[in-house]
Amino acid sequence: MLKIYHSPGTRGFRVIWVCEELSVPYEIVPVNFAAEYRATPEWRALNPVGKVPVMVEGDLTMFESCAMMQYVLDRHGNGRLQPGKDDPAYAHYLQWIWFAEATFARPLGEVVNHRRAFNPEIDDVVAEMKGRATACVEALDAALSDRAYLQGDTMNAADLSICYVMRGYRRMVSEALPANVQAYFDRVTALPSYEAAVKADAETSERLKG
Ligand SMILES: N[C@@H](CCC(=O)N[C@@H](CS)C(=O)NCC(=O)O)C(=O)O
């Protein structure tokens, strides 16, 4: 079975969510997020840069969360949650799924890193990164002006990936979202698979405490 090595509240959430939405069986291996543990040779053997998450299936080990989502879709999705490669929507599907991690999550990650690790000039850097994340939310609001999901009436995995990052944006930058983004976030997080992912995340937290 697919194993997701996950620390509560981190990017493994989007992989858990896509598995829940597709009803793909998976098992969570809770990971101690302490920097000391992530620096151990044991963890570095799974993730060479000492981050989370990691996904293992059989002999395969992966350490990039959106690539894991894509693998789950391609291997276990039977065409669900993504347009086919010949579909004209495929190019923008790629755009949004990459945007979620490379452009939207990145400045939020810098807010976390600067709070945790670097004290000098923290206010300037954090303000700049929050501004960059807000520019992403504004771009999403414009894209969503005439549609329910990023690519029209049909939800796909890019929507899950974006809404995972939106959780971080609401926590770190602003709970108030522009109208189209708010309606979209509410719609996507009303899915039973979202509730199941939240529950799995909370259970991971409990397992680490126990
Ligand atoms: N692009 C990577 C980013 C992984 C990442 O930054 N994970 C965070 C938690 S969500 C982490 O491990 N941070 C610890 C650190 O950077 O020291 C992915 O999507 O898997």
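Notes on the structure in this doc start here. Numbering of residues starts from 1 in each chain and follows the order in which that chain's sequence is written. Since the coordinates come from a predicted model, pLDDT governs what is reported: local features require at least 70, and pairs of side-chain atoms require 80 or more to be given and counted, while whole-chain, interface and lining totals use all residues. With hydrogens and water excluded, all non-hydrogen atoms of the structure serve as input to the side-chain values.

Let's shift gears to the pairing of strand β2 (residues 26–30). The side chains of a regular strand alternate, first on one face of the sheet and then on the other. Strand pairing is assigned whenever DSSP detects at least two bridges linking the two strands. Counting from the N terminus, the helices are DSSP H or I runs at least four residues long and the strands are E runs at least two residues long. Alignment of strand β1 (residues 2–6) against β2, held across five bridges, turns out to be parallel. Across the sheet, residue I4 finds its bridge partner in β2, namely I28. Convention used here: a crossover is right-handed provided that the path from the first strand, over the helix, to the second strand proceeds clockwise when the strands point away from the viewer. Between the parallel elements β1 and β2, the chain passes through helix α1 (residues 12–22) in a crossover that is right-handed.

Cavities and pockets were defined on a 1 Å grid built from protein atoms only: a cavity is a group of points that admits a 1.4 Å probe but offers it no way out, a pocket is an open group of points flanked by protein on both sides within 12 Å along at least five of seven lines, and a lining residue is one with an atom within 4 Å of any such point. Grid points are joined across faces, edges and corners, and a volume is the space filled by probe spheres set on the points. In this structure, the largest pocket encloses a volume near 850 Å³. Forming the boundary of the largest pocket are 29 residues, of which R11, K51, V52, E101 and G109 lie nearest the centre. Looking at the lining of the largest pocket element by element, the count peaks at 10 residues for helix α5 (residues 90–116). Of the residues contributing to the lining of the largest pocket, the split by class is 12 nonpolar, seven polar and 10 charged. The split into domains, and so the bounds of each, comes from an automatic or database assignment of domains. Per-domain counts for the lining of the largest pocket show at least three residues from each of domain 1 (2–81 + 193–209) and domain 2 (90–191). Put simply, Ala, Val, Leu, Ile, Met, Phe, Trp, Tyr, Cys and Pro go in the nonpolar bin, Asp, Glu, Lys and Arg in the charged bin, and everything else, Gly too, in the polar bin.

What follows covers the site of the ligand. Every residue lining the ligand is accounted for by T10, R11, F33, R38, K51, V52, P53, F63, E64, S65, E101 and R116. Throughout this description, a polar contact denotes any pair of N or O atoms lying within 3.5 Å of each other; where both atoms belong to protein, one of them has to be capable of donating a hydrogen while the other can accept it, and for residues adjacent in sequence the pair is counted only when both atoms sit in side chains. K51 places a polar side-chain atom, nitrogen or oxygen, 2.6 Å from an oxygen atom of the ligand. With respect to the ligand, the side chain of E101 contributes an N or O atom lying 2.9 Å from a nitrogen atom. Shrake-Rupley sampling with a 1.4 Å probe provides the accessible areas, and residues are treated as covered by the protein chains on show and by no other component. Coverage of the ligand by the protein chains reaches 82% of its 500 Å² of free accessible surface. More than half of the atoms belonging to the ligand lie within 2 Å of the grid points that define the largest pocket. Near residues are defined by distance, with any heavy atom within 4 Å of the molecule or strand qualifying the residue. Each molecule is assigned to a cavity or pocket provided more than half of its atoms lie within 2 Å of the corresponding grid points.

With that settled, consider the pairing of strand β3 (residues 54–57). Residue alternation in β3 divides its side chains into two sets, V54 and V56 and M55 and E57, and both sets are buried. As paired strands, β1 and β3 are joined by three bridges and run antiparallel to one another. The residue bridging Y5 from the neighbouring strand is V54, located in β3. One ladder, built from three bridges, connects β3 with strand β4 (residues 60–62); its direction is antiparallel. Looking at β4, one finds that E57 is bridged to L60. What sits between β3 and β4 in their antiparallel hairpin is a turn of two residues, with G58 showing a positive phi close to 60°. With a 1.4 Å probe rolled over the protein chains alone, any residue whose accessible area is under 20% of its type maximum counts as buried; one over 50% counts as exposed, and the rest are partly exposed.

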